[in-house]
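Fold and geometry: a report
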Amino acid sequence: MKSWRFLLAFAAIAFVAARPVDLYRLVDDLFSSDAAERAAARDALIARNDLTIAPALVDAHFFNTAGRAETIQVLEHLLREKHGTSFKGWVEAIGRREDIVPAKGYLAFKARLFAKIDPALAAFLCGGQAILPVPDGRQNCLPSTTIRAEEIVWGGVKKDGIPALDNPAFVDAASATWMLDEEQVFGVSIGGDVRAYPNRILAWHEMANDRAGGRAVSLSYCTLCGAAILYDGRASDGRTYTFGSSGFLYRSNKLMYDRQTNTLWSQLTGEPVMGPVARKGIRLRVLPLTVTTWGEWRRMHPKTRVLSLETGFKRDYRPGAAYGDYFASPHLMFPVWKKADAGLESKEWVLVVNVDSARKIYPIDDLPSLLHDRAGERDLVIVDERVYYTEGRRFTRDGASLVDDASGERFAIEEEALASAAGTRLPRVASHRAFWFGAYAFYPGTEVWRPPTR
């Protein structure tokens, strides 16, 4: 009889200990200053052998100094991998294990940890709202999300620690004597309103909420993955959004947030991914953006205006001062587990072209001066990294113009369209630059154009 009672009692204890809340309490014990308590928590977690707690352990590894060794020992047991003290290595290990679903309460646990850095970070993980305590001392965090929260990592700054520029000041080209012809700018032309955003300035702010051609726009720049994307501020739901930098990253791409709902958005896809407006089918429209040098942009658009150095912030706006070392290095700073070479280096520049629901990637170094191609069901022509619909036409390049091979009609290469004197306009296609690793991490199944072999 005693043996049966013992077995029943043991089963009851095991059942209680298997509850998610108790698993998270064991992870909490790994933070203890008492070595014996940490060891007991380690042994209990190893005995439970529950993979669902692995994502929380990776987050604990980032925040935990006292119990890092014990945390690593549990992770090595659960994942059967060894990454030592490399947080990046453990995040990538979790990323590869898409079969692991975090134990219930994971976002509440993660929010508690990030609240130590900035309560605003915790709020993002709790659906855009301030975290609310519940009877067991934890928080309710059940936001709508389209991404794996276990891959969200901290980028090293608090919310708005990289301050956005709002309705920034511009000067005319002649007044911008500090600009160098060879430096990179992001060029915008909408309805005759032509302006240039120097990389040297935008690299410090990564977001400019502006108006161009009478339209609200947001120029978002992820320095880590090299992607500058111009978004129409008016989203598909008819609402106008303005954005800031959350402080979070996902696969080394910045997660921006909108100021209207405090929802996290993907900088690369223009979609809300966590918070009040996620999973509602909302999307931002990508607008034409030209990445070129100041000298070339000014030559093509002599009446352009350029972002002023008087931003209201004190920064070292010399070229390359912000991320020059990172761009010169082949190494990445943050975890990205979806990787492929396709004959390309991680930081090789590619052009990401979006056509309706189709997408195609072009290595920029391999692009000829004129390329006819097809993406989805549409015919395209790519010239100087600008992409246009052709409606089945074929062209020959003649200086700053394209000539229709069949009709002889001449088209000027403009920022918004290929335009002929007869009034024919072939619209520009949404596209943007990115590092290869960044494009692949988000679009792993996308077709990559390769030059024909000779």
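All of these numbers come straight from a predicted model, not from anything done at the bench.

A word on the overall build of the chain
The secondary structure content of the chain amounts to 12 helices and 27 strands. Contacts in the chain between residues far apart in sequence, at least 24 positions, make up 61% of those at least 6 positions apart. Of the accessible surface of the chain, which amounts to about 20200 Å², a share of 52% is contributed by carbon and sulfur atoms. With 58 positive and 55 negative side-chain charges, the chain shows a separation of 5 Å between the mean positions of the two kinds.

Overview of helix H5 (residues 68-79)
Residue pairs three or four apart in sequence face the same way in an α-helix, which turns once every 3.6 residues. Along its 12 residues, H5 runs 16 Å from first to last C-alpha, staying within 8% of the 16 Å computed at 1.5 Å per residue. Looking at H5, one finds that the buried residues are Glu70, Thr71, Ile72, Val74, Leu75, Leu78 and Leu79. Considering only its buried residues, H5 is in contact with helix H3 (35-48), helix H4 (54-63) and helix H6 (87-96). Directly after H5, the chain includes Arg80, whose backbone phi takes a positive value near 55 degrees.

Digging into the nonpolar core
Leu45, Ile53, Leu57, Ile152 and Phe248 are the most contacted members of the largest nonpolar core, which has 89 residues in total. For this core, the leading source of residues is helix H7 (residues 106-114), giving 7 residues. In this structure, Leu57 is in contact with Val27, Leu30, Leu45, Thr71, Val74, Leu75 and Leu78, ignoring residues within four places of it in sequence. Among the nonpolar cores identified, the runner-up in size contains 21 residues, and Leu165, Ile201, Tyr221 and Val291 belong to it.

Considering the sheet that holds strand S15 (residues 305-307)
Strand order in the open sheet made by the 5 strands is S3-S15-S5-S4-S14, with mixed pairing throughout. Each end of this open sheet is capped by a strand with a single partner; those strands are strand S3 (170-172) and strand S14 (290-293). Strand-to-strand twist in this sheet, taken as the mean axis angle between neighbours without regard to direction, amounts to 35 degrees. By the bridge criterion, 3 bridges tie S3 to S15 in an arrangement that is antiparallel. What sits directly across from Asp172, in S15, is Arg305.

A look at H7
With 8 of 9 residues buried, H7 lies mostly within the body of the structure. Where the residues of H7 are buried, they touch helix H2 (20-29), H4, helix H8 (119-125), strand S1 (152-154), strand S9 (243-250) and strand S12 (272-274).

A few points about the pattern of salt bridges
By the definition in use, this model includes 39 salt bridges. Of the charged contacts, one joins Asp59 and Lys110 as a salt bridge, the two residues approaching to 3.0 Å between their closest N and O atoms. You can see Asp59 sitting in helix H4 and its partner Lys110 sitting in helix H7, a full 51 residues away along the chain. One continuous salt-bridge network, built from bridges that share partners, spans Arg148, Glu150, Glu151 and Arg251.

Things to note about the packing of aromatic side chains
Going through the model one piece at a time under the given rule, you end up with 23 aromatic pairs. Between the aromatic rings of Phe395 and Phe411, the centroid separation amounts to 5.5 Å while the plane-to-plane angle is 80 degrees, which identifies the pairing as edge-to-face. With Phe395 in strand S21 (residues 395-398) and Phe411 in strand S23 (residues 410-413), this residue pair connects regions lying 16 residues apart in the sequence. Given a relative accessible area of 3%, Phe395 falls into the buried group. An angle of 50 degrees between the planes, with centres 5.5 Å apart, marks the rings of Trp436 and Tyr440 as tilted. Remark: Tyr440 and Trp436 occur in helix H12 (residues 436-442); sequence separation between them is 4 residues, near one turn of the helix.

Describing the sheet that holds strand S20 (residues 386-389)
The strand order across the open sheet built from 3 strands is S18-S19-S20, with neighbouring strands paired in antiparallel fashion. The outermost strands of the open sheet, each flanked by one partner alone, are strand S18 (370-375) and S20. Averaged over all adjacent pairs, the angle separating strand axes in this sheet is 30 degrees, with direction ignored. Note that strand S19 (residues 378-383) and S20 share 4 bridges and pair antiparallel. Looking at S20, one finds that Ile382 is bridged to Val387.

Some points on the side chain of Arg148
Its place among the elements puts Arg148 in the loop between H8 and S1. Looking at Arg148, the relative accessible area reads 15%, which means it is buried. Separated by 3.2 Å, the side chain of Arg148 and the backbone oxygen of Arg97 make a polar contact. Ignoring sequence-local partners within four residues, the contact set of Arg148 consists of Ile94, Gly95, Arg97, Glu98, Ile100, Tyr250 and Trp337.

Thoughts on the side chain of Arg200
Residue placement: Arg200 occurs in helix H9 (residues 199-205). When residues no more than four places from it in sequence are discounted, the contact partners of Arg200 are Trp178, Met179, Leu180, Glu183, Tyr317, Arg318 and Pro319.

Describing the packing of H2 against H3
Remark: H2 packs on H3, axes separated minimally by 8 Å, with the N-to-C direction vectors making an angle of 145 degrees. Crossing of H2 against H3: the hand is left-handed. Of H3, the residues touching H2 (which contributes Leu23, Leu26, Val27 and Asp29) are Glu37, Arg38, Ala41, Ala44, Leu45 and Arg48. Here the contact of H2 with H3 is composed, by residue class, of 6 nonpolar, no polar and 4 charged.

How each quantity is defined
- Think of each chain on its own: its residues are numbered from 1, step by step along the sequence as written.
- Totals for whole chains, interfaces and linings use all residues, but because this is a predicted model, local features are given only for residues with pLDDT of at least 70 and pairs of side-chain atoms are given and counted only at 80 or more.
- Here the side-chain values reflect all heavy atoms present in the structure, with hydrogen atoms and water set aside.
- Secondary structure counts use DSSP, requiring at least four H or I residues in a row for a helix and at least two E residues in a row for a strand, with both numbered from the N terminus.
- Here, two residues are considered to be in contact whenever any of their heavy atoms come within 4.5 Å of each other.
- Residue-level accessible areas treat just the shown protein chains as cover; the underlying method is Shrake-Rupley with a 1.4 Å probe.
- Working convention for charge: Lys and Arg count positive, Asp and Glu count negative, and His plus the chain ends are omitted.
- The location of each charge is read from NZ of Lys, CZ of Arg, CG of Asp or CD of Glu.
- Here a helix's expected span is defined as the number of its residues, less one, multiplied by 1.5 Å.
- Each residue gets one of three labels from its accessible area relative to the maximum for its type: buried under 20%, exposed over 50%, partly exposed in between, using a 1.4 Å probe on protein chains only.
- What we call a nonpolar core is a set of buried Ala, Val, Leu, Ile, Met, Phe, Trp, Tyr and Cys residues that are connected through their side-chain atoms within 4.5 Å.
- Strand pairing is assigned whenever DSSP detects at least two bridges linking the two strands.
- Note on geometry: axes are lines fitted to C-alpha atoms, helical ones only across the stretch in contact, with angles between N-to-C directions running from 0 to 180 degrees.
- Salt bridge, as used here, is a side-chain nitrogen of Lys or Arg placed within 4 Å of a carboxyl oxygen of Asp or Glu.
- Pairing of aromatic rings covers Phe, Tyr and Trp, the last through its six-membered ring, and needs centres within 6.5 Å; plane angles under 30 degrees mean stacked, over 60 mean edge-to-face, and all others mean tilted.
- Polar contacts here mean pairs of N or O atoms no more than 3.5 Å apart (in protein, one a potential hydrogen donor and the other a potential acceptor; neighbouring residues in sequence count only if both atoms are side-chain atoms).
- The handedness criterion is simple: a crossing whose near helix is rotated anticlockwise from the far helix by less than a right angle is left-handed, and one whose near helix is rotated clockwise is right-handed.
- Throughout, the ten residues Ala, Val, Leu, Ile, Met, Phe, Trp, Tyr, Cys and Pro are labelled nonpolar, Asp, Glu, Lys and Arg are labelled charged, and all others, Gly among them, are labelled polar.

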